[in-house]
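Observations on chain architecture
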Amino acid sequence: MADGVDLEVLAEYLNSDVAPEDCMGLSDLDGFLTGIVIGPELVPRSEWLPVIWGGKEPQFESEDQMGKVLGIIMSRYNEIATCFDSDPEKFEPIFWEESEGKVIASDWAAGFLDAVALRRRAWEGLIRNLRARILLTPLLILGDVERHAGRLGAIDERKLSTVMPDIIPACIVGIHEFWRKYRNRRQPQP
C-alpha cells in the first residue's frame, strides 16, 4: 500500500538533525496517522500535526523541503484513509525492520496510542465494549510493554514484537469496522 508515497524522503527528514529531537519516527508516525484515520472522531490536522513534532516547531532547510515533508505526511494520511474506505483488508502498517529481518511493531503501536490519547473520551465506546476492546489490547501491551509487564509476568519483548506484526493489521481492521458500525448506529435514520 505504501508504494505510492515516497517514504524515504520522510524517513530521512524525521531522522535528521533538522527535525525536532522528540519527533516521531516513520513507524510511530504511521501508527499515529492510522489511529487518526480510523478513530471515532475527526481530529483536525491543526491538532494532530504538532504531536508529530513532539510539541516543538519543526525546522526545515528550505520551503521545498517543508512542502515535500508535509506533502508526504498528508499523502500517507490520504493513502490510509483511501485504503479503509475501499478495502481495509489490504492495509499494511509500516513497521521497523531490524538488519536481521525481524519486524518490530512496538513503535507503531505507541504511535497509534498517541492518536487514541488525542480523543481518549471518544475511544471509551470501544474500550467499554467487552468484545471490541480486545482489539485494542495487543496495541496497549505492545505500545507500553514496561507498564504491562507486572500484570503479564515476564514478557519477552522481542518475542512479543515478532508475533504482533501478524496480529496488528487484523486488530486495526476490526477497530475500523467497530467505529464504522458505531457511527452508523448513532446517525438518525431517514
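Residues numbered from 1 in each chain as written. Predicted model: local features only at pLDDT ≥ 70, side-chain atom pairs only at ≥ 80, totals over all residues. Heavy atoms only, no water.

**Description of the overall build of the chain**
Across its full length, the chain holds nine helices and two strands. Reading the secondary structure of the chain in the N-to-C direction produces α-α-α-α-β-β-α-α-α-α-α. Across the 190 residues of the chain, 44% fall into the buried class. Within the chain, contacts between residues at least 6 apart in sequence are counted, and of these 73% link residues at least 24 apart. Just so you have it, the chain exposes about 10800 Å², and 49% of that area is on carbon and sulfur atoms. (Helix = DSSP H or I, 4+ residues; strand = E, 2+ residues; numbered from the N terminus. Buried < 20%, exposed > 50% of the residue type's maximum accessible area, 1.4 Å probe, protein only. Contact = heavy atoms within 4.5 Å. Areas by Shrake-Rupley, 256 points an atom, 1.4 Å probe, with all protein chains shown as cover.)

**Some remarks on the nonpolar core**
General note: in soluble globular proteins, nonpolar side chains tend to be found buried as a group. Judged by nonpolar contacts, the single largest core of 51 residues is most densely connected at Trp 48, Ile 73, Phe 112, Ile 172 and Ile 175. For this core, the secondary-structure elements that each account for two or more residues are helix H1 (7–14), helix H2 (26–38), helix H3 (45–52), helix H4 (63–86), helix H5 (106–118), helix H7 (137–143) and helix H9 (157–186). Looking at this core, the element that brings in the most residues is H4, giving eight residues. Dropping the residues within four chain positions of it, Ile 172 is found in contact with Thr 34, Ile 38, Phe 84, Phe 91, Trp 108, Phe 112 and Leu 139. (Core = buried A, V, L, I, M, F, W, Y, C linked by side-chain atoms within 4.5 Å.)

**Digging into the side chain of His 176**
Tracing the backbone through its elements, the reader meets His 176 in helix H9. The contact partners of His 176, leaving out residues within four places of it in the chain, are Ile 38, Phe 84 and Pro 88.

**Considering H5**
Helix length check: H5, at 13 residues, gives a terminal C-alpha distance of 19 Å against a target of 18 Å (1.5 Å per residue), a fit within 8%. Within the span of H5, buried status applies to Ser 106, Trp 108, Ala 109, Gly 111, Phe 112, Leu 113, Ala 115 and Val 116. (Expected span 1.5 Å × (residues − 1).)

**Looking at the confidence of the model for the chain**
Of the residues in the chain, 85% reach a pLDDT of 70 or more, and the chain-wide mean stands at 86. For the chain, helix H8 (residues 145–152) is the element with the lowest average pLDDT, namely 45, and H2 is the one with the highest, namely 97. Across residues 146–154 the pLDDT falls below 50, and counting only partners more than four positions away or on other chains, this stretch makes five contacts in the model. (pLDDT = per-residue confidence, 0-100.)

**Brief notes about the environment of Ile 73**
Mapped onto the fold, Ile 73 is located in helix H4. We classify Ile 73 as buried; its relative accessible area is 0%. Along the sequence, Ile 73 and Leu 49 sit 24 residues apart, while their C-alpha atoms lie 9.3 Å from each other. Every residue in contact with Ile 73, bar those within four places of it in the chain, is listed here: Leu 10, Leu 29, Leu 33, Trp 48, Leu 49, Ile 52 and Trp 53.

**Quick notes on the pattern of salt bridges**
Enumeration according to the criterion identifies 10 salt bridges in this entry. The partner of Asp 30 in a salt bridge is Arg 76, and the shortest N-O contact between them spans 2.5 Å. Of this pair, Asp 30 sits in helix H2 while Arg 76 sits in helix H4, and the two are 46 residues apart along the sequence. Since its relative accessible area comes to 1%, Asp 30 is described here as buried. Classification of Arg 76 as buried rests on a relative accessible area of 2%. What emerges from the salt-bridge pattern is a single network uniting Asp 30, Arg 76 and Glu 79. (Salt bridge = Lys/Arg side-chain N within 4 Å of Asp/Glu carboxyl O.)

**Overview of the packing of aromatic side chains**
The final tally for this structure, using the stated rule, is 14 aromatic pairs. Consider the rings of Phe 32 and Trp 48, whose centres lie 6.5 Å apart with planes at 70 degrees: the pair is edge-to-face. With Phe 32 in helix H2 and Trp 48 in helix H3, the pair connects residues that are 16 residues apart, well separated along the chain. Note on Phe 32: relative accessible area 0%, which makes it buried. According to the relative accessible area criterion, Trp 48 is buried, its value standing at 1%. Arranged with centres 6.3 Å apart and planes meeting at 55 degrees, the rings of Phe 91 and Trp 108 form a pair that is tilted. Placement of the pair is Phe 91 in the loop between H4 and strand E1 (96–97) and Trp 108 in helix H5, with a sequence separation of 17 residues. For Phe 91, a relative accessible area of 5% corresponds to the buried category. (Phe/Tyr/Trp six-rings, centres within 6.5 Å; stacked < 30°, edge-to-face > 60°.)

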